[in-house]
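Take a look at the letters that make up each chain.
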Amino acid sequence: MEIVDRTTGSAAAGIKKDDDDPSSPKKCVFIDNKNGASSLPPPPRLPSTILSNKGSTRALSRRNRVYVYREFLLSTFPLSKSSSDGAYNILDVAGGRGDLSWILNNIDGMNSIIADPRIPNHKSLIKSTEFLIAHPGEAAVRAVEGVPTHQPLAKLLPRLMERKTKNCVGQYDYLSSPFHLRIHVDDNLVKTVKSVLRSNEHHLQMEIWDEYWRKETCRIESNKVVYGGTSSTDQSHPQQEGNEGQQRKEQITDSRSAYDTIRSLDYIAGFHPDQATEAAIDLAIFLKIPWAVVPCCVFPKEFPNRQINGSRVKNHSQLIEYLCMKHEKIRKGTLSFVETATAKNIVLYMLSEDYD
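Let's talk about the overall build of the protein
Along the protein, the regular secondary structure elements total ten helices and twelve strands. Among the 356 residues that make up the protein, the fraction classed as buried is 49%.

Here it is, written out as C-alpha cells:
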C-alpha cells in the first residue's frame, strides 16, 4: 500500500517538523451546517407494489446515524478528488465495526482507515448490499426518505453501482474492505507522534516510532473483541492458528507502514469515539489537518484531569466546552438526528483555513 504524504506530495517518508501545540483556553465558533448541499443521486422511483415491512424503524436505528455523519463530512469538507491525485486519506478513529470507513471507501471512493484495537466486521453491510442488489424493487422502496422503511444504504446503492463494474465471470467487483490500523488513539499515540516529528534526526525518529509500535502491538494482542459476536476473520480470510487468526489482510501490521499512514492523513474523523475523543482532536490539531469529531460519553473517572475553572468535567455539555478550549477556531454544528442520552449530535470540527 503506497500512502502519499500530503505535506510533500510524495511517498510518506519525509518528516515535517511542527512545534505548534495550542493549549490555552479558547472559545468555539458556532456554525450550523444543516443546509449543506448534498451530492447524492435521486432515489429510484417507487414501484407500485411495496414489499417493505411498514412497521420498520430502520431509519431510526443507531447504526444508520453514521450516514448522517457521512453527509456532514461530504458537505463540509472538499473530499472529492480526481483519480490522478488519488483518494483522500481519512483516519476513522475508534471506528469499531467499520461501517463509516466501509461506506466512505465503497460509495465515496475515499481511503478511510479504521483506527481501533477491535477487529472490524463488515458482514452486515455486505449482506444488506447484496440483498438490495438482488431485489431492486425493494431497494427502491427503502430508498425513499421520510418514511419508517427508509434505509440510507438503499438510497446510496446507485452511487455504489456507478463506481463498480462486473468482472470476467459476471460478478460485481463492488465491495472492498478498508485498511485497519489496530491501535488505541490515545495520549500515548499523540505524545509519540509529537516526539517523532519534533526530532531532527531520522534514525531517532524511527527508533521512537518503532518502540511505540512494538509496545502497542503487545498491548492489543490480548484484545479479542470482535463486533457482532462473529469470527475474528471474514469467511474469505480462513482462520489461522495463534494470534495470526486475529489478523485480516487489510490490517496494517508493519511499523513503517503504520507510521506512513499517520503521516499521510488528510482528515481525522470520529463518530462517538468514546475514550479516543480528546486524543483524536489533539492529534489533528498537532498535524494541522481538518477534522470532525462527535463527542458522546464523558468517562469522568477515566479522565479526572479534565477541568474547567478548577471543576472536573462530568457531563456532556462540560465536555464540549472543555474540548473547545483546545483551539480558538474550533467550530460547532448539529447533526440532523434526534439527540438522546446515548446518541449525542453535536459535532466539533476544523477546516484547513482555520490553521492560517
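Here we look at the pairing of strand 12 (residues 346-350)
Buried residues dominate strand 12, accounting for five of its five residues. Residues Ile346, Leu348 and Met350 line one face of strand 12 and the alternating positions Val347 and Tyr349 line the opposite face, and both faces are buried.

Points about the confidence of the model for the protein
Here the protein shows a mean pLDDT of 79. Residues at 70 or above account for 70%. In the model, residues 4-27 has pLDDT below 50 throughout and makes 60 contacts with residues more than four positions away in sequence or in other chains. Predicted confidence is poor over residues 228-246, with pLDDT under 50, and the contacts of this stretch with residues over four places away or in other chains come to 32 contacts.

Digging into the environment of Ser124
Considering the arrangement of structural elements, one finds Ser124 in helix 3 (residues 123-134). Residue class for Ser124 comes out partly exposed when judged on its relative accessible area of 26%. Taking the C-alpha atoms as reference points, Ser124 and Asp99, 25 residues apart in sequence, are found 9.2 Å from one another.

Here we look at the environment of Thr342
As for its placement among the helices and strands, Thr342 is situated in the loop between strand 11 (331-334) and strand 12. In this structure the C-alpha to C-alpha distance between Thr342 and Cys296, which are 46 residues apart in sequence, comes to 7.1 Å.

Considerations on the pattern of salt bridges
Using the criterion set out here, one finds 15 salt bridges in the structure. Between Arg219 and Glu216 there is a salt bridge, with its nearest N and O atoms 3.3 Å apart. One end of the pair, Arg219, and the other, Glu216, are both in helix 7 (residues 202-220), three residues apart, so they sit about a helical turn from each other. Take Arg219: its relative accessible area is 42%, and that puts it in the partly exposed class. When salt bridges that share partners are traced, they join Glu278, Asp282, Arg306 and Lys326 into one network.

Some remarks on the nonpolar core
In terms of nonpolar packing, the biggest core is built from 49 residues, with Leu91, Leu181, Val193, Trp209, Ile268 and Trp291 touching the most fellow members. Ranked by the residues each element gives to this core, the list is headed by helix 9 (residues 277-287), at eight residues. Once residues within four sequence positions are removed from consideration, Val193 is found in contact with Trp209, Ile262, Leu283, Phe286 and Leu287. Counting 36 residues, the second largest nonpolar core, distinct from the first, contains Trp102, Leu125, Ala143 and Val347.

Here we look at the packing of helix 7 against helix 8 (residues 255-263)
For any two helices packed against each other, one specifies the inter-axial angle together with the distance between the axes. It is the contact of helix 7 with helix 8, at a shortest axis distance of 10 Å, that shows an interaxial angle of 110 degrees. It follows from the interaxial angle that helix 7 and helix 8 lie roughly perpendicular. Across the interface between the two elements, Met206, Trp209, Asp210 and Trp213 of helix 7 pack against Ser255, Arg256, Ala258, Tyr259 and Ile262 of helix 8. Per-class residue counts for the contact of helix 7 with helix 8 are six nonpolar, one polar and two charged.

Here's the deal with unusual backbone geometry
Its identity is not glycine, yet His272 carries a phi of approximately 50 degrees, on the positive side. Looking at the element boundaries, His272 is found in the loop between strand 7 (267-271) and helix 9. In this model, Asp274 sits at a positive phi of 55 degrees, which is unusual for a non-glycine residue. Relative to the helices and strands, Asp274 is located in the loop between strand 7 and helix 9. When its relative accessible area of 27% is taken as the criterion, Asp274 is described as partly exposed.

The rules behind the values
Residues numbered from 1 in each chain as written. Predicted model: local features only at pLDDT ≥ 70, side-chain atom pairs only at ≥ 80, totals over all residues. Heavy atoms only, no water. Helix = DSSP H or I, 4+ residues; strand = E, 2+ residues; numbered from the N terminus. Buried < 20%, exposed > 50% of the residue type's maximum accessible area, 1.4 Å probe, protein only. pLDDT = per-residue confidence, 0-100. Contact = heavy atoms within 4.5 Å. Salt bridge = Lys/Arg side-chain N within 4 Å of Asp/Glu carboxyl O. Core = buried A, V, L, I, M, F, W, Y, C linked by side-chain atoms within 4.5 Å. Axes fitted to C-alpha atoms, helices over the stretch in contact; angles between N-to-C directions. Parallel < 35°, antiparallel > 145°, perpendicular 65-115°, else oblique. Nonpolar A, V, L, I, M, F, W, Y, C, P; charged D, E, K, R; others polar.

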